[in-house]
Each structure stands twice: as structure tokens, then as C-alpha cells.
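Residues per chain, in single letters:
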Amino acid sequence: MCGIIGYIGKRQAAAILLDGLKRLEYRGYDSAGIATISDKLHMKKDKGKIEEIDRRLNFADMPGTIGIGHTRWATHGEPSQKNAHPHIDNAGKIAVVHNGIIENYEHLRHFLRSNGYSFYSDTDTEVVPNLINYFMRQGHDFEEAVRSTVSRLKGSYALGIVSLDEPDKLIAVRKESPLIIGLGVDEMFIASDVPAVLPYTKRVIVMEDGEMAIVTSVKAIIKRVDSGEIVERKPLEITWTIEMAEKRGYPHFMLKEIHEQPDAVRETLRAAQKELDGLCDMLLNAKRIYLVACGTAYHAALIGKYALAQLAGMSTEVVISSEFQESCMADEGTVLLAISQSGETADTLKAVRVAKANGAKIACLTNVVGSSITRESDLVCHTYAGPEIGVAATKTFSAQVAYLLSLAIRLAEKRSLKSKKELNELAIQLHKIPETILDTLQIVEPKVKDIARRHKDATNFFFIGRGIGYPIAMEGALKLKEIAYIHSEATPAGELKHGPLALIQRGVPVVAVVVPGASYSRMLSNVEEVGARGGEVIALAVEGDVEVGKHVTELIQIPKTHELFTPLTYILPLQLLAYFISVERGLDPDRPRHLAKSVTVE
Ligand code: F6R
């Protein structure tokens with residue numbers, strides 16, 4: 001998704017902007033560009049990977065100590081040089097980078113055309129510098145012209161703007177697209193995300209909707225766009241180190257993040273204890289509970305549903321965010337818990353807004369402090385997985401699952417449905433789970449690497465599971481398709497006989513998620529069923545399970561845990577399987593094609 005970076009200070013802006021762009025790469029992009037100001041406005045931009053563009057255009061020779069940069073993920077207009085950002089006004093004095101969508105851009109284009117302006121791209125963004133130019137020609141200064149422009153925009157936007165007429169300031173505007181200000185010493189930054197500024201500062205201000213910031217090299221003044229009123233906001237001290245946002249010696253962010261799961265879960269469980277009572281009260285007072293999310297977060301929500309039902313006797317409905325508005329009913333008695341790693345997913349934000357408009361109460365669970373979803377929610381809960389750079393979610397999935405398991409235990413305590421002793425034991429086991437995750441990683445990694453080598457050329461994979469094993473299977477299948485580009489399908493094992501079994505024949509790999517508990521023996525029958533048709537069963541089962549081993553081609557043994565906690569251990573070999581197959585196939589697991597880390601369009 002689009003990424004913005006801006007710099008004003010004493011150093012050469014282009015070098016810092018280029019570095020910032022590289023740190024925003026994980027958001028997904030198709031083109032990139034930089035504009036700087038010295039005695040004139042300089043701009044270089046193109047389609048492609050940042051390093052290739054840099055090799056072609058050489059950003060390093062751009063003079064100036066103020067500038068803006070952008071990574072674009074096309075929404076209006078195909079990926080191309082002319083559609084890449086920054087965009088400039090007709091006079092070549094104002095440059096703008098934009099993340100989001102300007103819904104009324106056609107109307108604004110028409111207005112500007114009738115005032116003599118021309119357009120050179122297919123983007124919605126190009127109206128912005130020209131409208132600023134229009135207002136400056138009416139006698140407004142830069143800041144006033146930006147304010148007048150923004151008040152005419154409909155849609156969502158984070159903007160970074162520079163003007164040759166006032167080269168000592170950088171203006172940032174935010175509405176429904178993330179934007180932060182990084183506070184340095186005699187230098188300031190704006191960015192879509194914290195990792196872009198981390199090498200330079202750990203002090204950041206998170207901008208809120210409807211705000212603009214006038215940033216010079218020594219200060220950032222935040223104002224409400226509508227009233228012009230100054231907003232005082234304390235900077236946050238970011239505790240993430242630069243190393244946390246880098247690969248730490250792993251070949252890929254994804255592998256690093258898989259190995260960070262013990263910490264991600266530990267930190268999340270620790271922090272959750274403070275937040276859980278508020279969330280429990282909200283849920284206990286609800287007539288209807290929706291868990292809403294996309295992709296991996298949706299799978300975590302399904303696990304949450306299972307745990308809430310099993311432990312707390314509570315019924316919830318889990319809905320994919322993009323389906324919410326068509327299929328769900330929300331009213332004053334409804335609580336919607338939105339789960340989103342980034343807190344910026346447009347589909348999830350939309351579901352939240354629809355539910356809210358109908359009177360529902362909103363709680364969110366997100367990994368990003370200050371993200372958009374936190375501003376839309378009545379109650380904000382956090383996972384503490386740290387920044388996740390790999391596009392495929394791994395440690396944030398485990399953190400979400402850990403949070404929801406902790407929630408289910410707390411709700412069960414409050415509803416007194418289980419004995420205190422039983423719940424205490426579960427809570428103790430859950431707090432020990434980070435060590436079990438660590439052990440599991442060590443045990444399964446060499447085995448999975450080997451299996452990946454043998455199955456790297458498969459064209460189809462099936463994943464089967466029952467009960468809590470089914471969402472684990474779904475998450476395993478999603479990982480494999482997104483980073484290894486192998487068609488993979490998860491099906492509840494009991495559904496095999498209703499159709500999918502027709503596809504099982506000699507050599508088809510079938511990953512069987514065999515969790516302990518009530519479904520175990522039925523799952524065993526399904527494993528046999530697949531084996532009898534020649535399917536190559538790769539089974540995940542608890543250490544020491546001799547039964548499963550009799551019917552499978554490969555057996556991955558997982559240290560024993562309570563059935564409800566198996567998502568936190570069983571998911572590890574599945575993440576690793578996808579990772580190693582992706583690497584074996586010569587792909588880049590951190591940057592899967594066509595996908596973005598933060599999906600900020602519906
Ligand atoms: C898969 C993946 C996506 C995200 C989905 C939701 O590995 O990362 O499926 O889970 O786009 O993103 P968030 O959680 O940021 O709302």
C-alpha cells in the first residue's frame with residue numbers, strides 16, 4: 001500500500017528519503033518517487049522496484065534539504081511513470097505525495113480545467129497540487145492554500161506537501177490514512193509508518209484525522225484543519241529498536257518473525273491482563289457479538305470463537321469484514337470486536353463504521369498503536385507482537401490467538417462456568433506457552449525443511465482439520481498460497497466426503513492437522529480415508545502419537561499442550577512449510593506478488 005516519507009533539516013533530503021522509501025517497501029508498491037527543493041523543485045519517479053528506479057534515475061544527485069517521497073500501489077490509473085508520485089502543479093512549484101483515495105477528484109478536475117489547468121496523469125492525486133496552486137494564486141499563503149484545498153476533498157488521504165514558494169516548511173495532512181511525525185534534532189520527518197523514521201528518531205507524534213501539521217526543521221505545529229486551532233500532543237517514545245525492524249541475521253523478515261513468536265505471545269499475554277476486564281464487561285453486556293476480520297486475522301477470530309464457546313459458553317459470530325455490511329445485523333445490543341494487525345484494513349474499518357452507524361459498540365484488537373481502527377473504537381486492545389515487516393502475517397496471528405485465549409479464560413472466570421482450579425491450571429499453562437512455542441520451533445524446523453524440499457514442486461495442496469484444527473488448517477493453506485503460489489485448499493475433514501475427496505489421488509499432498517480432544521478419532525478416520533486413495537498425508541500430531549504415524553507419509557510431532565492452545569504450536573510447522581517451499585521455489589517470501597501488508601482500499 002502507498003507509503004509516504006518526508007524530510008526537512010540540514011542533511012541532503014534525497015538520501016534520507018530513499019532510505020525511508022526502502023523501509024516502507026513492505027507495505028507493497030508498484031512505483032516510487034522523490035521530490036526535493038533547492039533553488040527549484042526537483043522530481044524523479046518511475047514504475048518498478050526502488051533499487052531499479054534508483055539505478056536508472058540516481059536519486060542521490062537531487063539537491064535540497066527538504067523533500068517528500070512515495071511508494072505507490074495503484075488505485076487510480078495503472079502503474080506507470082506518469083502516475084507515480086510525487087505529483088506537481090502546472091507551475092512546477094508544488095509537489096504532493098498521497099496515500100488514500102480522493103473520491104470527488106473528477107469534480108475537482110472539471111473545476112480546475114475550467115480555470116485553465118491541465119492534467120498529465122490518470123490519478124486522483126494530481127488535483128491536489130493544482131488546487132493548492134489555485135488558492136495561492138488567489139492570494140493565500142501555502143498553509144492557507146492547503147487548508148482551503150483539503151476542505152474541498154472528499155475521501156481518505158494522508159498528504160505530504162512542499163512548495164518552492166515556502167521552502168522552509170513541509171505540510172502534512174491526515175484523514176483516515178496513517179501519518180506520523182518523527183521529531184529529530186534540527187530535523188523532522190513525516191511518514192506513513194514508524195519503521196521509516198526509526199534510524200533517525202524514536203520520538204513520534206501520531207497525527208489524527210482532520211489534522212494538518214506545519215513542519216519546519218525545528219518544530220511541528222499541529223492544527224485542526226476545520227478550525228485552525230492548535231493541537232498539543234505529547235510525542236510517543238517508540239521502544240522498538242532499529243534492530244527490531246530489521247532482519248537480525250535471518251535471510252527473510254518472515255523467518256525472523258516466525259522465530260519471534262515466543263516473545264510476541266509472551267508480551268501480548270502480559271499486556272492483555274490489564275485490558276481484559278474492560279473487554280469482558282463489554283462482551284458480557286452484549287446481546288450479539290461479532291468478531292470481524294480479514295485473512296489471517298479472520299482465522300485468529302475463528303479460533304477465538306471456538307475458545308469463547310468451549311470455555312466461556314459464549315456464542316459469537318465470526319464474519320469476514322468485506323461481507324459484513326451485506327450479511328449482518330447490528331444494533332445497540334451488538335458488540336463488534338474488530339481484529340486487525342495493521343488497524344488500517346479498509347474492509348475492517350468499513351464494517352466497524354457500518355456497525356457503529358447502527359448503534360453497535362466497537363472494540364478492536366490491533367498491533368499498531370494509534371492506528372485508524374483505534375480512533376473508531378469505544379475500546380482499544382493491543383497485541384504486542386512488535387512491527388511485522390513480512391507481508392505474510394505470522395507472529396501477529398499468534399499474538400491475536402494468545403489474546404483471545406486469555407480473553408476466553410477471563411470470561412469463563414467471570415461466568416463461573418468452570419471450576420476455579422481448572423481455569424487456574426489453564427491460565428498457568430497458557431503463560432508457559434511461549435516456552436512450548438520455542439521448543440516446538442526447535443523440534444519441527446529441520447523436519448519441515450526436509451519435507452518442503454520434497455514437496456516444492458507440488459501444484460496442489462489440501463489441508464484438513466476438525467474443530468480448532470480447521471482454522472489452523474485454513475491458516476496453513478493461506479500461508480502456502482500467498483508466499484509459495486501453490487494452490488492450496490483447506491477443508492473441514494468431515495467435509496471431504498461431500499466433494500473434495502474426488503480430488504485426492506496418488507501423490508496429492510494432504511496436510512492433516514490432528515489435534516487432541518473430542519475430534520481425534522474421527523480425524524484419524526479421515527486420515528485413513530485420504531491414505532486409502534493414495535494421498536500423501538503430512539500429519540501434524542502430538543508427540544508420541546503412534547496411531548497417526550501408521551497411516552501417514554510424513555509425521556510432524558508437536559509438543560503436548562491443551563487442545564485449545566494447539567493453534568499456537570501447530571501453526572509453527574505450517575508457517576515454516578510455506579516459508580521453506582517459497583524459498584525452495586526461488587521466491588521472495590517477504591514480498592509476495594500482488595499482495596500488500598496493509599490493505600487500505602476496499
Ligand atoms: C496473510 C495476511 C493477510 C492479513 C489481512 C488482514 O498473511 O497477512 O491476510 O491478515 O490482510 O490484515 P490486518 O490484520 O492488518 O487487518
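Reading guide: rules and limits
- Residues numbered from 1 in each chain as written.
- Predicted model: local features only at pLDDT ≥ 70, side-chain atom pairs only at ≥ 80, totals over all residues.
- Heavy atoms only, no water.
- Pairing = 2+ DSSP bridges.
- Helix = DSSP H or I, 4+ residues; strand = E, 2+ residues; numbered from the N terminus.
- Contact = heavy atoms within 4.5 Å.
- Axes fitted to C-alpha atoms, helices over the stretch in contact; angles between N-to-C directions.
- Domains from an automatic or database assignment.
- Buried area = accessible area lost by both parts, 1.4 Å probe.
- Polar contact = N/O pair within 3.5 Å; in protein donor to acceptor, adjacent residues only side chain to side chain.
- Nonpolar A, V, L, I, M, F, W, Y, C, P; charged D, E, K, R; others polar.
- Parallel < 35°, antiparallel > 145°, perpendicular 65-115°, else oblique.
- Left-handed = near helix turned anticlockwise from the far one by under 90°.
- Salt bridge = Lys/Arg side-chain N within 4 Å of Asp/Glu carboxyl O.
- Buried < 20%, exposed > 50% of the residue type's maximum accessible area, 1.4 Å probe, protein only.
- Near = heavy atom within 4 Å.
- Areas by Shrake-Rupley, 256 points an atom, 1.4 Å probe, with all protein chains shown as cover.
- Core = buried A, V, L, I, M, F, W, Y, C linked by side-chain atoms within 4.5 Å.

Points about the sheet that holds strand E6 (residues 94–102)
A sheet is described by the order of its strands in space; here seven strands give the open sequence E5-E6-E7-E8-E12-E13-E14, paired in antiparallel fashion. Looking at which strands have only one partner, the edges of the open sheet turn out to be strand E5 (87–88) and strand E14 (230–231). Taken together, the five bridges between strand E12 (residues 211–215) and strand E13 (residues 220–224) define a ladder with antiparallel strand orientation. Residue pairing for E13: Val215 is matched across the bridge by Ala220. On the sheet, helix H4 (residues 127–137) packs against E5, E6 and strand E7 (155–163) and is oriented at approximately 125 degrees with respect to E6.

Notes on the domain arrangement of the protein chain
Taken domain by domain, the protein chain holds domain 1 (3–246) and domain 2 (263–584). The distance between the C-alpha centroids of domain 1 and domain 2 comes to 38 Å. With twelve residues of domain 1 in contact, the opposing surface of domain 2 contributes ten residues. On the domain 1 side of the contact with domain 2, Tyr26, Glu176 and Trp240 bury the most area, a combined 41% of that side's loss. Inspection of the region where domain 1 meets domain 2 yields one residue pair in polar contact (both at pLDDT 80 or more). The residue makeup of the side of domain 1 that touches domain 2, split by class, is eight nonpolar, no polar and four charged.

Thoughts on the packing of helix H12 (residues 395–415) against helix H13 (residues 420–455)
Relative orientation of the contacting elements H12 and H13 amounts to 165 degrees, with a least axis distance of 10 Å. Relative to H13, the element H12 is oriented roughly antiparallel. You can see that H12 and H13 cross each other, and the crossing is left-handed. Contacts from Ala402, Leu405, Ser406, Ile409, Ala412 and Glu413 of H12 reach H13 at Leu423, Leu426, Ala427 and Leu430. Of the residues belonging to the contact of H12 with H13, the class tally is eight nonpolar, one polar and one charged.

Points about the pattern of salt bridges
All chains considered together, the criterion is met by 38 salt bridges. Across the pair Asp450 and Arg454 runs a salt bridge, and its minimum N-O distance is 2.9 Å. Placement of the pair is Asp450 and Arg454 together in helix H13, with a separation of four residues, close to one helical turn. Arg454 sits in the partly exposed class, given a relative accessible area of 46%. Its salt-bridge partner being Glu475, residue Lys479 comes within 2.5 Å of it at the nearest N-O pair. Here Lys479 pairs with Glu475, and both are found in helix H14 (residues 469–484), just four residues apart, close to one helical turn. One continuous salt-bridge network, built from bridges that share partners, spans Asp450, Arg453, Arg454, Glu554 and Glu584.

Digging into the site of the ligand
Neighbouring the ligand are 14 residues, the closest being Ser340, Gln341, Ser342, Thr345 and Glu482. In this structure, an oxygen atom belonging to the ligand sits 2.6 Å away from a main-chain N or O atom of Gln341. Ala393 has a polar backbone atom sitting 2.9 Å from an oxygen atom of the ligand. Here the ligand, which alone exposes 410 Å², has 89% of that area covered by the protein. Counted by class, the shell around the ligand contains six nonpolar, six polar and two charged residues.

Here we look at the pairing of E13
The antiparallel hairpin formed by E12 and E13 contains four residues in its connecting segment. Here E13 folds back onto E14, and the loop between the two strands holds five residues, one of which, Gly228, carries a positive phi near 80 degrees.

Some details on the environment of Ile362
For Ile362, the location among the structural elements is in strand E19 (residues 361–366). Assessed through its relative accessible area of 0%, Ile362 is described here as buried. Spatially, the C-alpha atom of Ile362 lies 18 Å from that of Ala272, the residues being 90 residues apart in sequence.

Notes on the nonpolar core
Leu407, Phe461 and Leu568 are the most contacted members of the largest nonpolar core, which has 89 residues in total. The contact partners of Leu407, leaving out residues within four places of it in the chain, are Leu276, Leu279, Cys280, Leu283 and Leu308. Counting 28 residues, the second-largest nonpolar core is a separate cluster that includes Leu131, Ile132, Phe135 and Val146.

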